[in-house]
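Read off the chains here:
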Amino acid sequence: MEKIILTLTIFFLVLLQTVVAQQPENKIIINADMGKNQISKHIYGHFSEHLGTCIYGGYWVGENSAIPNTRGIRNDVVKALREMEIPNLRWPGGCFADTYHWMDGIGPRDKRPEIVNVHWGGVTEDNSFGTHEFMDLCDQLDCEPVICGNVGSGTVQEMASWIEYLTSDAQSPMTNLRKQNGRELPWKVKYWGIGNESWGCGGTMTAEYYSDQLRRYATYCRDYGDNQIFKIACGPSDENYHWTEVIMSEWAKTPAWQRGYMNGLSLHYYTVCHDWSKKGSATEFNEAEWFLTLSKTLRMDEFITKHSVIMDTYDPEKRIALVVDEWGNWHDVEPGTNPGFLYQQNTLRDGLVAALNLDIFNKHSDRVKMANIAQTINVLQAMILTKGSEMVLTPSYYVFKMYKVHHDATNLPMEIKCENYSYESNSIPSVSASASKDKAGLIHITLSNSNPHQNLTVTCELRGIKKVEFKKGQIITGEKMNSFNDFREPEQVNIKSFSDVKINDNILSINLPAKSVVMVEL
Ligand code: AHR
């Protein structure tokens, strides 16, 4: 009898062991004592172009509007973006930047010329939102301006004068003009783009030709007083490695004392679910499209890695920043809206795409020093949608708000071992994550689960620390893959409190619900 009991016990133990061994393990090892790079808060930057209703209606309603505003700028939008701690704002484009002549947008508003916005819907641009209004917006938002200058159709002189107008304190026709227009003191403007997509809408240039133009324009981007311009060269899109090779190799050939003509190189990559001719709906999608969108988003990691390898070859000291100044989901426009306005809804899927991209930028924070999601209001992967006086905050907004804990914190390197999320014959990792330590010593871990059906238990081991204490948690999820906020139901997706975490000394066990983004503070 005893023998039978023993045999059965051994049999069940072996069975249990086999079952446990077959359970997929989701494990993250965080090296909490090995953080080196700061995650620049500018990775959490934004981009707003004169496109559709991003500027007009989105930010700008004019001083006489019934919508509450401060000097023409919507108060509700400013409040929401301040709560998200927007660190910077790129303006005036995009493609619009290379058609923009800044002098059209200064002086009395009723005297400013009306022009045609040739890229975006052929609508009239009355220039009522120009340099002074943009700088006022940045002041109200308490964020850094990132101005993209016109290389495609503008002159070197025009770009040089704009910088002088904005930042010089000396006596000159430009500074007198600024004073006449109501601004006595110069502004501080650090980030300056030398053209946008110069290989495409910004002039259809070759990399070789642009490289020379870059030097020429940048030479006249002067530093006035203690204002120091950080010059962002137009970089490649997606996998145009030739562009990076040419710009970086030319820079490296330049005598060291002249290399200041470039401080950053941009990169653009949009996630398009299907292809550019039929991108797919923002809200009406199935699991195949959910999967495809997330898997295409992960290509950002490949692009940054490969462009960084080229940059490392010519700039091993990482003096030149990689600036991902346009990224995000690009869906078909909402039915019935102007195709030139790029207005799209924003679902939980967009929230996941934001989280995956931000994790990739955090991971590459040794090279990626700035990124700007396209575009803040009513255009592409927006933070905010407006309709008249109403405003809705999107799932992407909430992800940015949740992730602000990483601003300027030290990135903690991690290894993720997780089960795959598979759809038909393709797979992607189901877990994406970031961890950082802030100046107050708090550790924040953000994690997302791309699997729309399966909850996951993730074990996080914090090496280099003996014990951690759970302070608080947050979660963003929705009932469906395509849950979204609209004017009738603005709270379908929001940040909620989360506490499904067990802690044993320095090991956390986090229950990560399907299709969710979670933050834990330790
Ligand atoms: O963000 C919309 C457009 O996409 C920008 O104007 C351009 O730079 C890019 O092609």
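Heads up: the structure comes first, above all this text.
Residues numbered from 1 in each chain as written. Predicted model: local features only at pLDDT ≥ 70, side-chain atom pairs only at ≥ 80, totals over all residues. Heavy atoms only, no water.

Observations concerning the sheet that holds strand β5 (residues 88-91)
Strand pairing in a sheet relies on backbone hydrogen bonds. The paired strands run either parallel or antiparallel. Reading around the barrel, the 8 strands line up as β2-β5-β8-β9-β10-β11-β12-β13 and close back on themselves, with parallel pairing between neighbours. Recorded for the sheet is a direction-independent mean angle of 25° between the axes of neighbouring strands. Relative to strand β10 (residues 230-233), strand β9 (residues 191-194) runs parallel, the two being bridged by 4 bridges. By the bridge assignment, Gly193 is partnered in β10 with Ile232. (Pairing = 2+ DSSP bridges. Helix = DSSP H or I, 4+ residues; strand = E, 2+ residues; numbered from the N terminus. Axes fitted to C-alpha atoms, helices over the stretch in contact; angles between N-to-C directions.)

Some remarks on the state of the cysteines
According to the stated counting rule, one finds 1 disulfide in the structure shown. Disulfide pairing places Cys95 opposite Cys201 at an S-S distance of 2.2 Å. Here Cys95 and Cys201 share a disulfide; its torsion about the S-S bond, -90°, makes the bridge left-handed. Of this pair, Cys95 sits in the loop between β5 and β6 (115-117) while Cys201 sits in the loop between β9 and α6 (207-219); the two residues are 106 residues apart in sequence, bridging distant segments of the chain. Owing to a relative accessible area of 28%, Cys201 belongs among the partly exposed residues under this scheme. Of all cysteine sulfurs in the structure, the one in Cys138 sits closest to Cys54, which takes part in no disulfide; the separation is 12 Å. (Disulfide = S-S within 2.5 Å. Buried < 20%, exposed > 50% of the residue type's maximum accessible area, 1.4 Å probe, protein only.)

Quick look at unusual backbone geometry
Cis geometry marks the peptide bond from Trp91 to Pro92; its omega dihedral reads 5°. Within the secondary structure, Pro92 is located in the loop between β5 and β6. The omega torsion across Gly93 and Gly94 is 20°, close enough to zero to call that bond cis. With respect to the element layout, Gly94 can be found in the loop between β5 and β6. Of note in the backbone geometry, Asn127 takes a positive phi value of approximately 60° without being a glycine.

A word on the pattern of salt bridges
Counted by the stated rule, this structure contains 28 salt bridges. A single salt-bridge network, built from bridges that share partners, covers Asp312, Asp315, Lys318, Asp366 and Arg367. (Salt bridge = Lys/Arg side-chain N within 4 Å of Asp/Glu carboxyl O.)

Overview of the site of the ligand
All residues in the neighbourhood of the ligand are listed as Phe47, Glu49, Gly94, Cys95, Trp120, Asn196, Glu197, Tyr270, Glu326, Trp330, Gln375 and Leu380. A distance of 3.0 Å separates an oxygen atom of the ligand from a polar side-chain atom of Asn196. Between an oxygen atom of the ligand and a side-chain N or O atom of Glu326, the distance comes to 2.8 Å. Taken by itself the ligand offers 280 Å² of open surface, and the protein chains cover 93% of this. Looking at the shell around the ligand, its residues break down into 6 nonpolar, 3 polar and 3 charged. (Near = heavy atom within 4 Å. Polar contact = N/O pair within 3.5 Å; in protein donor to acceptor, adjacent residues only side chain to side chain. Areas by Shrake-Rupley, 256 points an atom, 1.4 Å probe, with all protein chains shown as cover. Nonpolar A, V, L, I, M, F, W, Y, C, P; charged D, E, K, R; others polar.)

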